[in-house]
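Residue-level structure breakdown
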Amino acid sequence: MSHLVELKKVEKTKLQLGYIPLLDCIALLWAKHRGFFDDAGLDVTLVKEASWASLRDRLAFGLLDAAHCLSAMLPAAAAGADQTGIALQTPLVLSENRAFISLSQKLCYELDIQQHDSAETSAKKLLSHIKQNHTVALAHVFKHSIHHYCLREWLALADPELAQSISMKTLPPPYMVEALSNHLIDGFCVGEPWNTQAELQGLSHIVCSSQDIIPNVADKVLAVTQEWAQQHPNTLVALTGAILKAQQELRELEDFAPIWQLLIEFDVIQFNCSTEVHVEKYYTIQNIVRNFVQDSAEPKLSDFEWLFQQMQKWNGSDQDVTFVTHQAQNCLLLDIHHIALQTIKQ
């Protein structure tokens, strides 16, 4: 992407913007709610997707213009490991390392997993149970995600070989709670608010955070195809700028009530939680939303190098260091990010 890209008339005004109902789609919802897209000359339709697989495919094949996307999908696309072979790129991080691992309350009780247990301790208790020939079904949201890698790295704290071989299910985030309730799974790694919902329904306990296990890398990003970025650079600057503006306001806004109401309206929050009921959970979620990203939300090369390394480690792909660095760079649209940042500072 050339440094000569300037804020000019957008090439496309009507955009389909995909998302999965998770807390970290909030910057997209807030940008729409506050009219930031309109201010940028964009007519954005928010499209709720059923799963990460459907979102990826619809983005890759042009049914979505841009999307709230798993960061690890970009290295997978670059390495041709995602079955589409269509390169994806990002100018903006939407969240960093905000996943949690939950286990059923029944399993936590049986294994004497306590709230104060470290990630390593809880992993050792679970794997000791598995080694006694007990079947435990764990789920993540997608093969190429920090959630998959977080589960593997958590189990590897206790037994690296078993962490590599254990089978895991893939489920869309909104189906995790239902699957746990129906005894289809015993635990999962997913972003909020689904861990909190399962806990408030008495189904599970959060046993550890991804922040206890893996580095503070990008989790969700704003993604477009490489071809779309090349064809619509000014549109992408405008889109990125509107979401950046929303991110800044979400960090600074004193009254959280309208943000919470928006999450309810878009079916992200589906449980009773407020300043009056489940108060601690309410403020925990508020803190997560206000701290999804630090500084300018600029994508980092080191994050995507780490994602490539995890893909090699757990998905069995094989690339040399030079390839990894080159492909990680190709995932980033830093020029777009910098120009968008400048536009909202003017």
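Residues numbered from 1 in each chain as written. Predicted model: local features only at pLDDT ≥ 70, side-chain atom pairs only at ≥ 80, totals over all residues. Heavy atoms only, no water.

The name given to the protein in an unreviewed UniProt entry is Nitrate transporter, with the source organism recorded as Acinetobacter parvus DSM 16617 = CIP 108168. Quoted verbatim from the Subcellular location (unreviewed entry) field of the UniProt record, the comment on the protein reads "Endomembrane system". (UniProt positions renumbered as here; feature names shortened; annotations may be inferred.)

With respect to the overall build of the protein
A tally of regular secondary structure across the protein gives 17 helices and 10 strands. For a compact globule of 346 residues, the expected C-alpha radius of gyration is about 20 Å, and the protein comes in at 20 Å, within 12% of that figure. Its C-alpha atoms give the protein principal-axis dimensions of roughly 65 × 55 × 30 Å. The buried share among the 346 residues of the protein stands at 58%. At a minimum sequence separation of 6, the contacts of the protein that also span at least 24 residues come to 79%. As displayed, the protein has an accessible area near 14500 Å², and 47% of this comes from carbon and sulfur atoms. (Helix = DSSP H or I, 4+ residues; strand = E, 2+ residues; numbered from the N terminus. Rg over C-alpha atoms; globule rule 2.2 N^0.38 Å. Buried < 20%, exposed > 50% of the residue type's maximum accessible area, 1.4 Å probe, protein only. Contact = heavy atoms within 4.5 Å. Areas by Shrake-Rupley, 256 points an atom, 1.4 Å probe, with all protein chains shown as cover.)

Comments concerning the nonpolar core
Counting 129 residues, the largest nonpolar core has Trp154 and Leu239 as the members making the most contacts within it. Tallying contributions element by element places helix α12 (residues 233–252) first for this core, with nine residues. Sequence-distant contacts of tryptophan 154, defined by excluding residues within four places in its chain, comprise Ile101, Leu103, Ala119, Ser122, Ala123, Leu126, Val207, Cys208 and Ile213. (Core = buried A, V, L, I, M, F, W, Y, C linked by side-chain atoms within 4.5 Å.)

What about helix α3 (residues 52–60)?
Residues of α3 that are buried: Trp52, Leu55, Arg56, Leu59 and Ala60. In a view along the axis of α3, the buried residues occupy a sector of 125°, so they form one face of it. Contact partners of the buried residues in α3: β1 (14–19), β3 (66–70), α4 (73–78), β4 (88–96) and β10 (218–225). Backbone geometry just after α3 places glycine 62 at a positive phi near 85°. (Arc of directions from axis to C-beta.)

Side note on helix α7 (residues 146–156)
Working note: α-helix, 3.6 residues per turn, so residues spaced by three or four point in the same direction. α7 sits mainly inside the fold: 11 of its 11 residues count as buried. Buried within α7 we find Ile146, His147, His148, Tyr149, Cys150, Leu151, Arg152, Glu153, Trp154, Leu155 and Ala156.

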